[in-house]
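Tertiary structure, described
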Amino acid sequence: KNQNKTTEIMQTLQVQHTTNSDSKIDWSFDPSVDPKKVFTKLKVLGKGGFGTVLQIVHRPTMKVLAGKLINPNLVDENTKEEIQHEIELMIEVDSDYTVHYYGSVIFEGSLMILMEYCDRGSLRDLLDLREQVLSEDQISIILHDVLKGLGLIHKLHRIVHRDIKAANILITTDAEIKIADFGVSRQFDGDAAQTMTITGTPYWMAPEVINGTSYSFPADIWSLGIMAVELAEGAPPYVEYPPTRAMIQIALHGFPGYRFPQLHSPEF
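Here goes a summary of the coordinates provided. (Residues numbered from 1 in each chain as written. Predicted model: local features only at pLDDT ≥ 70, side-chain atom pairs only at ≥ 80, totals over all residues. Heavy atoms only, no water.)

On the secondary structure map, lysine 41 appears in strand β2 (residues 39–47). The class for lysine 41 is partly exposed, based on a relative accessible area of 39%. Between the alpha carbons of lysine 41 and alanine 66 there is a distance of 9.7 Å; along the sequence they are 25 residues apart. Those residues in contact with lysine 41 that sit more than four places away from it in its chain are Leu54, Gln55, Ile56 and Glu108. A distance of 3.3 Å separates polar atoms of two side chains, one belonging to lysine 41 and the other to glutamate 108. (Helix = DSSP H or I, 4+ residues; strand = E, 2+ residues; numbered from the N terminus. Buried < 20%, exposed > 50% of the residue type's maximum accessible area, 1.4 Å probe, protein only. Contact = heavy atoms within 4.5 Å. Polar contact = N/O pair within 3.5 Å; in protein donor to acceptor, adjacent residues only side chain to side chain.)

Turning our attention to the packing of aromatic side chains. In total, this model carries four aromatic pairs according to the counting rule given. Taking the centre distance of 6.2 Å and the plane angle of 90 degrees together, the rings of tyrosine 203 and tryptophan 204 count as edge-to-face. In this structure tyrosine 203 comes out as buried when scored by relative accessible area, which is 1%. Residues phenylalanine 255 and tyrosine 258 carry aromatic rings whose centres are separated by 5.2 Å and whose planes lie at 75 degrees to one another, so their mutual orientation is edge-to-face. What makes tyrosine 258 partly exposed here is its relative accessible area of 29%. An aromatic cluster of three or more residues is present, and its members are Phe255, Tyr258 and Phe268. Taking the ring centre of tryptophan 204 as reference, the NZ or CZ of lysine 165 above it sits at 5.8 Å. The ring of tyrosine 241 has arginine 245 sitting right over it, with the charged end atom 4.0 Å from the ring centre. (Phe/Tyr/Trp six-rings, centres within 6.5 Å; stacked < 30°, edge-to-face > 60°. Lys NZ or Arg CZ within 6 Å of the ring centre and 35° of its normal.)

Once that is clear, we can look at a negative patch on the surface. A cluster of acidic residues, Asp96, Asp119, Asp174 and Glu176, forms a negative patch on the protein surface. Within the element layout of this structure, aspartate 174 appears in the loop between β8 (169–171) and β9 (177–179). The exposed category is assigned to aspartate 174, whose relative accessible area is 62%. (Patch = residues over 30% accessible without salt bridge, like charges linked within 9 Å, V, L, I, M, F, W, Y side chains within 5 Å. Areas by Shrake-Rupley, 256 points an atom, 1.4 Å probe, with all protein chains shown as cover. Salt bridge = Lys/Arg side-chain N within 4 Å of Asp/Glu carboxyl O. Lys, Arg positive; Asp, Glu negative; His and termini not counted. Charge placed at Lys NZ, Arg CZ, Asp CG, Glu CD.)

A word on the pairing of strand β3 (residues 51–58). Buried residues dominate β3, accounting for seven of its eight residues. Strand direction decides the pairing type here: β2 and β3, joined by seven bridges, are antiparallel. Bridge assignment links lysine 41 to a residue of β3, and that residue is isoleucine 56. Relative to strand β4 (residues 63–70), β3 runs antiparallel, the two sharing eight bridges. When the bridges of β4 are listed, threonine 52 appears paired with leucine 69. (Pairing = 2+ DSSP bridges.)

In the structure shown here, the tally under the stated rule is seven salt bridges. Taking the shortest distance from any N to any O, the salt bridge between lysine 41 and glutamate 108 comes out at 3.3 Å. Linking lysine 41 in strand β2 with glutamate 108 in the loop between β5 (101–107) and β6 (110–116), this pair joins segments that are 67 residues apart in sequence. Across the pair arginine 259 and glutamate 233 runs a salt bridge whose closest N-O atoms are separated by 2.6 Å. In this pair, arginine 259 is assigned in the segment after α7 (243–253) and glutamate 233 in helix α6 (residues 218–233), connecting sequence segments 26 residues apart.

In this structure, Ile113, Leu123, Ile142, Val146, Ile179, Met227 and Leu231 are the most contacted members of the largest nonpolar core, which totals 36 residues. When contributions to this core are tallied by element, the ones reaching two or more residues are α2 (77–92), β6, α3 (123–130), α4 (136–156), β8, β9 and α6. By residue number, the principal contributor to this core is α4, which donates six residues. Once you skip the residues sitting within four places of it in the chain, valine 146 turns out to touch Ile169, Ile177, Ile179, Leu224 and Met227. Membership of the second largest hydrophobic core comes to 15 residues, among which are Val209, Tyr241, Met247 and Ile250. (Core = buried A, V, L, I, M, F, W, Y, C linked by side-chain atoms within 4.5 Å.)

Read these as spatial facts, not as claims about activity.
Given below as structure tokens:
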């Protein structure tokens, strides 16, 4: 319920260690036409590190989309590359288990990234609004689809997501589960499938990521397990500690065990 605390624990951390179209819909935009005549802003969905996320409607098709409006005052050359990197990965990873990318336009003087709108928000929204954790049956349904998505991302596209958590898994009224936010993801070239960059959100990071040792796709599976605990208990382990101290605890002790072990089945 403490909004500042929620914002703090959800903050993605990135530290460098020292050693335009969707396949299912043909989107094309005439640059001579004012995008405000094509898109109508319905409401603000939220604010992120680079700007504002809007709910918009594409008038010709009446399709509702999510538009990530990038604030140019918050963008430097490095963040431009990060945004372009995320767009490229969204274009490549086009599946039923990931958020679709539909293109980009200039809207109200800023770049707007057009994405699939998931009307039920994120799993984190679900926990916070209901003020209830999920049952093991509900969690198993969610994990089934997230694992399907990770299987495609890892095996087909050789991408490690690096920021799996409830806030980055979106849901729809049709019970679709979608992996979102490829902003800190890494795609491997050729046979190489190891990296050492410390990236992600502290409470969900795998020990090998925090320790700065070589890691790969299994780091996402650790984060998925922590997300399962988050869904079952309402928060990830070590959430009572500041991020840096939590990272130290994860690096030293790994998973600390459940807060209420008697509430979880052996299968979980």
